[in-house]
Amino acid sequence: MSAAFAAIDTPGMRRATREQLSLALMDARNYTLQLLARFEHALGASLRVPVLPEIVPPLWLAGHVAWLAEYWIARNPQRALGPRCPADTVRLASVEPQADEWFDPRLVGHAERWSLALPEAEAVRAYLLDTVETTLELLERTPDEDEALYFFRMALFHEDLRGEELVTIAQTLGIPLGLELPPGMATRAPLALPATKWTLGWPDDHSFALDIERGHEAVQVPEFEIDAQPVTWAQYVEFIDDGGYDRQDLWQPRGWDWLQAEAQREGRRGPRHVEQIGIASGAVMQGFFGKPMRMGATQVAMHVSWWEADAWARWSGRRLPTEAEWEIAAVQAARRGWRWGEVREWTAGTLRPFAGFRQDAWAAHAELDAETMFGAARVLRGASFATRARLRHVRARAWALPGRDDGFFGFRTCAP
């Protein structure tokens, strides 16, 4: 790996300079184009996919990546205002006359995206190339200041998030991408951490963060014990072997309802994509981008819904960690065997904002509108093997409804 590439693929890119952004934006766009090519090879030029509630058509998503960057940079005369830029400011025309009609999520609902008369992959590829070229030209003439660079940083992190979403879609559809899972590791003993006062929220107002990550909220956290690593397949199989999917007492009422609906639909006896379970060995056969793969006993369990994670924790006599507990451990126990990064990890509470929350003007255009999910979604911390290194920060937040299991989701537990 070159020094230049290493510098643009770190969490420090939230404060990326103009020169770093130029390299990183090209890197992110190249990755999007590579993923698009993989989909095209598997599906053909039209990239037709089945209608599923948990995905969007990959051709639409790739076009949307280009559209959002163009909408907030090249088409936005007030981009220099950065986060102060109003959402309804006048926009210039797109290089693609039908871009808004195709890729603006406010105009095209989720269910409509399968019936859109989208162009084929070659045209979307051209739109991706045209828009990134314009973005880079404008970046060259932009002051190397936080406010002026705000939307360029936003475009980078949005594309990285959507890249991970494309990988998740490929896993859902069984499309090979050539990715590899991290190897298993020996399980370490849980970590004990002392009581402390902790401040949640993004500590640096000069770096880029999602609106749901910003704000500051001080919390008192009693002493606690937390797993050094996420729950492994060997540990999860014990729950299955002990009748975890048959014991209603282990599940919250809504979680049990979810499980019954899933069982009727696909005979649910384990996490998503699991095809075979070796009770004696603790090994699992799970679909991995269209190919059955033997998951080792010490590898991290993934494609677990929040309901399943909560039921496992109840079965084990433990509980899911709070956001603060997860973050404290990630910061304070990094040299004591704390391991993360294979899966995004469920935490205990429902999604809510920190004090001082202000919604990003661009969030609804990106369909990252956390405000509509307050009180319903659960918070995910950490990162998965499919997450770009730029997004791997101990204070980063993601969220999903508790029944979602299509993402690379896992969990760890705390003592009561």
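Just so we're clear, the structure is a prediction, and the values are computed from it rather than from any experiment.

Procedures and definitions
- Residues numbered from 1 in each chain as written.
- Predicted model: local features only at pLDDT ≥ 70, side-chain atom pairs only at ≥ 80, totals over all residues.
- Heavy atoms only, no water.
- Helix = DSSP H or I, 4+ residues; strand = E, 2+ residues; numbered from the N terminus.
- Buried < 20%, exposed > 50% of the residue type's maximum accessible area, 1.4 Å probe, protein only.
- Contact = heavy atoms within 4.5 Å.
- Patch = residues over 30% accessible without salt bridge, like charges linked within 9 Å, V, L, I, M, F, W, Y side chains within 5 Å.
- Areas by Shrake-Rupley, 256 points an atom, 1.4 Å probe, with all protein chains shown as cover.
- Salt bridge = Lys/Arg side-chain N within 4 Å of Asp/Glu carboxyl O.
- Lys, Arg positive; Asp, Glu negative; His and termini not counted.
- Charge placed at Lys NZ, Arg CZ, Asp CG, Glu CD.
- Axes fitted to C-alpha atoms, helices over the stretch in contact; angles between N-to-C directions.
- Parallel < 35°, antiparallel > 145°, perpendicular 65-115°, else oblique.
- Nonpolar A, V, L, I, M, F, W, Y, C, P; charged D, E, K, R; others polar.
- Phe/Tyr/Trp six-rings, centres within 6.5 Å; stacked < 30°, edge-to-face > 60°.
- Lys NZ or Arg CZ within 6 Å of the ring centre and 35° of its normal.
- Pairing = 2+ DSSP bridges.
- Left-handed = near helix turned anticlockwise from the far one by under 90°.
- Core = buried A, V, L, I, M, F, W, Y, C linked by side-chain atoms within 4.5 Å.

## Quick look at the environment of I240
Among the structural elements, I240 can be located in helix α7 (residues 233–241). I240 gets classed as buried once you look at its relative accessible area, which sits at 13%. Not counting chain neighbours up to four residues away, the residues in contact with I240 comprise Y245, R269, G270 and I277.

## A word on a negative patch on the surface
On the surface, D130, E133, E137 and E140 cluster together into a negatively charged patch. Mapped onto the elements of the fold, E140 is located in helix α5 (residues 121–140). Look at E140 and you get exposed, because its relative accessible area is 64%.

## Here's the deal with the packing of α7 against helix α9 (residues 306–316)
Running from N to C, α7 and α9 point in directions that differ by 80°, and their axes come no closer than 10 Å. What the angle tells us is that α7 and α9 run roughly perpendicular. Listed contacts from α9 to Q235, Y236, E238 and F239 of α7 are E308, A311, W312 and W315. Residues of the contact of α7 with α9, tallied by class, amount to 5 nonpolar, 1 polar and 2 charged.

## With respect to the packing of aromatic side chains
Tallying each qualifying case throughout the model produces 27 aromatic pairs. Ring plane angle 65° and centroid distance 5.6 Å describe the contact between Y236 and F239, whose orientation is recorded as edge-to-face. Here F239 and Y236 lie together in helix α7, a separation of 3 residues that amounts to about one turn. Judged by its relative accessible area of 0%, F239 falls in the buried class. Feature note: the residues W233, Y236, F239, Y245, W251, W256, W312, W315 and F411 constitute an aromatic cluster, connected by ring pairs. The ring of W306 carries R378 above its face, with NZ or CZ at 3.8 Å from the centroid. A cation over a ring is seen here: R388 above Y31, with NZ or CZ 5.1 Å from the ring centre.

## Focus: unusual backbone geometry
In this structure, F289 takes a positive phi of about 55° despite not being glycine. Position of F289 among the secondary structure elements: in the loop between β6 (284–288) and β7 (291–295). Positive phi is not limited to glycine here, since E367 has a value of about 55°. Note on placement: E367 falls in the loop between β8 (344–350) and β9 (378–382). Take E367: its relative accessible area is 37%, and that puts it in the partly exposed class.

## Some thoughts on the sheet that holds β6
Within the open sheet, the 3 strands sit side by side as β5-β6-β7. Their pairing is antiparallel. Strands at the two margins of the open sheet, each flanked by one partner only, are β5 (274–277) and β7. Sheet twist, expressed as the mean angle between neighbouring strand axes with direction ignored, is 25°.

## Digging into the pattern of salt bridges
According to the stated counting rule, one finds 38 salt bridges in the structure shown. With a shortest N-O distance of 2.7 Å, R113 and E367 are connected by a salt bridge. Taken as a pair, R113 in the loop between α4 (99–103) and α5 and E367 in the loop between β8 and β9 lie far apart in primary sequence, 254 residues in all. With its nearest N and O atoms 2.9 Å apart, the salt bridge here joins E327 to R381. Placement of E327 in helix α10 (residues 323–332) and of R381 in strand β9 is noted, with a sequence separation of 54 residues between them. Judged on exposure class, the residue E327 and its partner R381 are both buried.

## Section: the sheet that holds β9
Reading across the sheet, the 4 strands line up as β10-β9-β8-β11 and stay open at both edges, with mixed pairing between neighbours. Only two strands of the sheet have a single partner each, and these edge strands are β10 (398–400) and β11 (409–410). Judged from the 3 bridges that link them, β9 and β10 form a sheet pairing that is antiparallel. Within the sheet, the bridge partner assigned to V379 lies in β10 and is W399. In the packing of α10 onto the sheet, the strands contacted are β8 and β9, and the crossing angle to β9 comes to about 5°.

## So, the packing of helix α3 (residues 58–74) against α5
Axis separation between α3 and α5 bottoms out at 9 Å; the angle between their running directions is 25°. One way to sum up the angle between α3 and α5 is to call them roughly parallel. The hand of the α3/α5 crossing is left-handed. Contacts from L59, A62, G63, A66, W67, E70, I73 and A74 of α3 reach α5 at A121, V124, Y127, L128, T131, T134, T135 and L138. When the residues that make up the contact of α3 with α5 are grouped by side-chain class, the tally is 11 nonpolar, 4 polar and 1 charged.

## Thoughts on the nonpolar core
Membership of the largest hydrophobic core comes to 106 residues, with the highest contact counts inside it found for Y236, F239, W251, W362 and F411. The greatest single-element share of this core, amounting to 12 residues, is contributed by helix α6 (residues 146–173). Filtering out sequence-adjacent residues up to four positions away, Y236 remains in contact with V231, Y245, P271, A301, V304, E308, W312 and F411. In terms of nonpolar packing, the next biggest core, distinct from the first, is built from 18 residues, W198, I328, A329 and W338 among them.

The analysis is restricted to geometry; functional conclusions fall outside its scope.
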